[in-house]
Amino acid sequence: MTIRNDFNGVSDYMRSLGFKSNNYNRFLDFFHSNALGVDALARAWVGIVIRFFPGNLRVNGRLVLVGDGIKIGNSGKKMPAVKMMHQESENNNKSEYLMGHSCQSVALLSRALGSFFAIPLISRIHEGFTFNKDDNISLLDKMILLLESLDIKEAYYFVADAYYASGAIISGLLSKDNHLITRVKLNAVAYQRSTAPRSKSGVGRPKIYGTKLHLKLLFEHEDKFIITGSPVYGEKNIKIKYFATQLLWRPAGRKVQFVAVIHPARGKILLLCTDLSLEPVEVIRLYGLRFKLELTFKNSVNVLGAYTYRFWMKKMEATKRGDLDVLLYDKNPEYQRAVKRKLGAYHRHIQIGLIAQGLLQYLSCVHSPLIWQCFGSWLRTIRANILPSEMVTSIALRNTLPAFLLDKVNDITLKKFLMEKIDIG
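What counts, and where the lines are drawn
- Residues numbered from 1 in each chain as written.
- Predicted model: local features only at pLDDT ≥ 70, side-chain atom pairs only at ≥ 80, totals over all residues.
- Heavy atoms only, no water.
- Phe/Tyr/Trp six-rings, centres within 6.5 Å; stacked < 30°, edge-to-face > 60°.
- Helix = DSSP H or I, 4+ residues; strand = E, 2+ residues; numbered from the N terminus.
- Buried < 20%, exposed > 50% of the residue type's maximum accessible area, 1.4 Å probe, protein only.
- Contact = heavy atoms within 4.5 Å.
- Core = buried A, V, L, I, M, F, W, Y, C linked by side-chain atoms within 4.5 Å.
- 1 Å grid on protein atoms, 1.4 Å probe; cavity = no way out; pocket = protein on both sides within 12 Å on 5 of 7 lines; lining within 4 Å.
- Points joined across faces, edges and corners; volume = space filled by probe spheres on them.
- Nonpolar A, V, L, I, M, F, W, Y, C, P; charged D, E, K, R; others polar.
- Patch = residues over 30% accessible without salt bridge, like charges linked within 9 Å, V, L, I, M, F, W, Y side chains within 5 Å.
- Areas by Shrake-Rupley, 256 points an atom, 1.4 Å probe, with all protein chains shown as cover.
- Salt bridge = Lys/Arg side-chain N within 4 Å of Asp/Glu carboxyl O.
- Axes fitted to C-alpha atoms, helices over the stretch in contact; angles between N-to-C directions.
- Parallel < 35°, antiparallel > 145°, perpendicular 65-115°, else oblique.
- Left-handed = near helix turned anticlockwise from the far one by under 90°.
- Pairing = 2+ DSSP bridges.
- Right-handed = clockwise from strand over helix to strand, strands pointing away.
- Polar contact = N/O pair within 3.5 Å; in protein donor to acceptor, adjacent residues only side chain to side chain.

Trainee: With reference to specific residues and values, describe the packing of aromatic side chains.
Mentor: Going through the model one piece at a time under the given rule, you end up with 19 aromatic pairs. Pairing Phe-53 with Tyr-362 gives two aromatic rings, centres 5.1 Å apart and planes at 55 degrees, and the pair type is tilted. Here the residue Phe-53 occupies a position in the loop between helix H3 (38-52) and strand E1 (58-59), and Tyr-362 occupies one in helix H8 (residues 333-366), the gap between them amounting to 309 residues. Here Phe-53 falls in the buried class, since its relative accessible area comes to 7%.

Trainee: Residue-level account of the side chain of Thr-319, with values.
Mentor: Relative to the assigned elements, Thr-319 resides in the loop between helix H7 (292-304) and strand E15 (326-327). The residues touching Thr-319, leaving out its near neighbours within four places in the chain, are Lys-77, Met-79, Val-82 and Met-99.

Trainee: Lay out the nonpolar core with the relevant residues and their values.
Mentor: Core analysis: the largest hydrophobic core is formed by 66 residues, its most contacted members being Ile-181 and Tyr-307. Residue contacts for Ile-181: discarding those within four places in its chain leaves Tyr-157, Phe-158, Val-159, Ala-160, Leu-272, Cys-273, Leu-278, Val-283, Leu-286 and Tyr-287. Membership of the second largest hydrophobic core comes to 49 residues, among which are Leu-108, Ala-112, Tyr-156 and Leu-270.

Trainee: Any details on empty space enclosed by the protein? Residues and values, ideally.
Mentor: The final tally for this structure, using the stated rule, is one cavity of 30 Å³ or more. Size it by volume and the largest cavity reaches roughly 40 Å³. The wall of the largest cavity is formed by Ser-105, Val-106, Ala-107, Pro-120, Ile-122, Ser-123, Leu-293, Thr-296, Phe-297, Ser-300, Tyr-307 and Leu-354. Put simply, the parts of the chain that give the lining of the largest cavity at least two residues each are strand E4 (97-112), strand E5 (115-125) and H7. Take the lining of the largest cavity: its biggest share by element is four residues, from H7.

Trainee: I'd like to hear about the layout of surface pockets, residue by residue, with values.
Mentor: If you roll a probe as big as a water molecule over the atoms, it shows you where there is empty space left. The volume enclosed by the second largest pocket comes to roughly 990 Å³. Every residue lining the second largest pocket is counted, 28 residues in all, and those nearest its centre are Met-1, Thr-2, Leu-17, Leu-414 and Leu-418. Among the elements of the structure, helix H1 (10-17), helix H2 (24-32), H8, helix H10 (390-406) and helix H11 (413-421) are those that each provide at least two residues to the lining of the second largest pocket. For the lining of the second largest pocket, the class distribution of residues is 21 nonpolar, four polar and three charged.

Trainee: Outline a nonpolar patch on the surface, supporting the account with residue identities and numerical values.
Mentor: Among the surface-exposed residues, Ile-412, Leu-414 and Phe-417 lie close enough to one another that they form a single nonpolar patch of about 270 Å² accessible area. The topology assignment puts Phe-417 in helix H11.

Trainee: An account of the packing of H3 against H8 is needed here, citing residue identities and associated values.
Mentor: Interhelical geometry of H3 versus H8 gives an angle of 10 degrees and a closest axis separation of 10 Å. As far as their axial angle goes, H8 and H3 are roughly parallel. Note that H3 runs across H8; the crossing there is left-handed. Facing H3, whose interface residues are Val-38, Leu-41, Ala-42, Trp-45 and Phe-52, H8 presents His-347, Arg-348, Gln-351, Ile-352, Leu-354, Ile-355, Gly-358, Leu-359 and Tyr-362.

Trainee: Residue-level account of the packing of helix H4 (residues 139-149) against helix H5 (residues 167-174), with values.
Mentor: Running from amino to carboxyl end, H4 crosses H5 at an angle of 20 degrees, the nearest separation of the two axes being 8 Å. Taken together, the axis directions place H4 and H5 in an arrangement best described as roughly parallel. As for how H4 packs across H5, the hand of that crossing is right-handed. Touching Leu-140, Asp-141, Met-143, Ile-144 and Leu-147 of H4 are Ala-168, Ile-169, Gly-172 and Leu-173, all from H5. Of the residues that constitute the contact of H4 with H5, the class distribution is seven nonpolar, one polar and one charged.

Trainee: Could you give an account of the pairing of strand E8 (residues 179-184), naming the residues involved and the relevant values?
Mentor: Of all six residues in E8, five are buried, a share of seventy percent or more. Sheet topology note: the strand E7 (residues 156-159)/E8 ladder contains three bridges and is parallel. The residue bridging Tyr-157 from the neighbouring strand is His-179, located in E8. Handedness of the crossover joining E7 and E8 through H5 is recorded here as right-handed. As paired elements, E8 and strand E14 (residues 267-273) share four bridges and run antiparallel to each other. What sits directly across from Val-184, in E14, is Leu-270.

Trainee: Quick rundown of the environment of Asn-22? Include the residues and the values.
Mentor: Here Asn-22 is to be found in the loop between H1 and H2. Taking relative accessible area as the criterion, Asn-22 reaches 53% and is therefore assigned exposed. Expressed as a C-alpha distance, the spacing of Asn-22 and Lys-421, which sit 399 residues apart in the sequence, is 9.0 Å. Separated by 3.4 Å, the side chains of Asn-22 and Asn-23 make a polar contact.

Don't take any of this as a statement about function, it's just geometry.
Pasting the structure below:
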């Protein structure tokens, strides 16, 4: 997956490696086989990343995870879970509606040579199908289940956008001693703790929520704001203003920290953190690193092709443009098993792609000089203090593959396996 030239499904694995034609069906069998437990594979990958990757970011002894959704355009009429999706984006190049798969993903922030990057951990298709008639689980609940499936033993901060600013996410994280850092809309409201005395009768619970505060009003008192250098990654010689306060927030059912920020170019933003002890500047810095996940998405799609699976389900009822979630609980068990098998193939392809991307990032961090030496191509600017990208590392691997296969000194098992499959004639 790290060395293929284009993203035309399994066929490209065959062409990139020069495999014999009879291996095509073996590739299909591999991705569709239940012998490879995709959740167990993800947990093993997370263990490797936390244990061996250099520079994993820790704040107050906690790892920093970032999460978001990604919509993959796909108009396959015989592909389960393809649905019409609304795409909320400020990018005018993206269409407002598209057919495809809706996934949620989690990555781990790491750093090297003063740069940050997001190591992809897991991604799953979370929309487009309903197997249980009474299943009312939301995307927010699925994100919590996705995080719990990773079985991370260390505490962490989870950084996400405003969609995940909800009670379901906060309660799910706090139950495992983890914390949320996110953005909230400017029209949000919070409450001061009530100071009203208990009723004379003594009946009922004491009042908790006191005076309501519209959070956008915080920006009307700039005299209370603190001026400091911007902690946002990549910004230099920029001053920002911030004001932090702790208030009760009904969705969380507890006191949280709000940080109002005024940026000279980006405008006003309101951040939320459930860790009351975390410094406001650190909240701003960590939320500013959330965009690294967007770069990971870009490379997952364009460099690794992790989401470019092309597995069709022959017996599937064709999907029409505009279709939403498919209700599968009224289908026969054989049809449901076929859909689950196909979704399993998609998830294996995605998970293996994310692992391949993470390994490219590892090679970039640990063997940067060797990668530039084997790159053998041209870039307009190569800076010594910048790590090679996934694309550069992939090209270096592709260039050194023939030497790896012809090397008679290091007679390792992987080379033997590949040489038996390659069509030398």
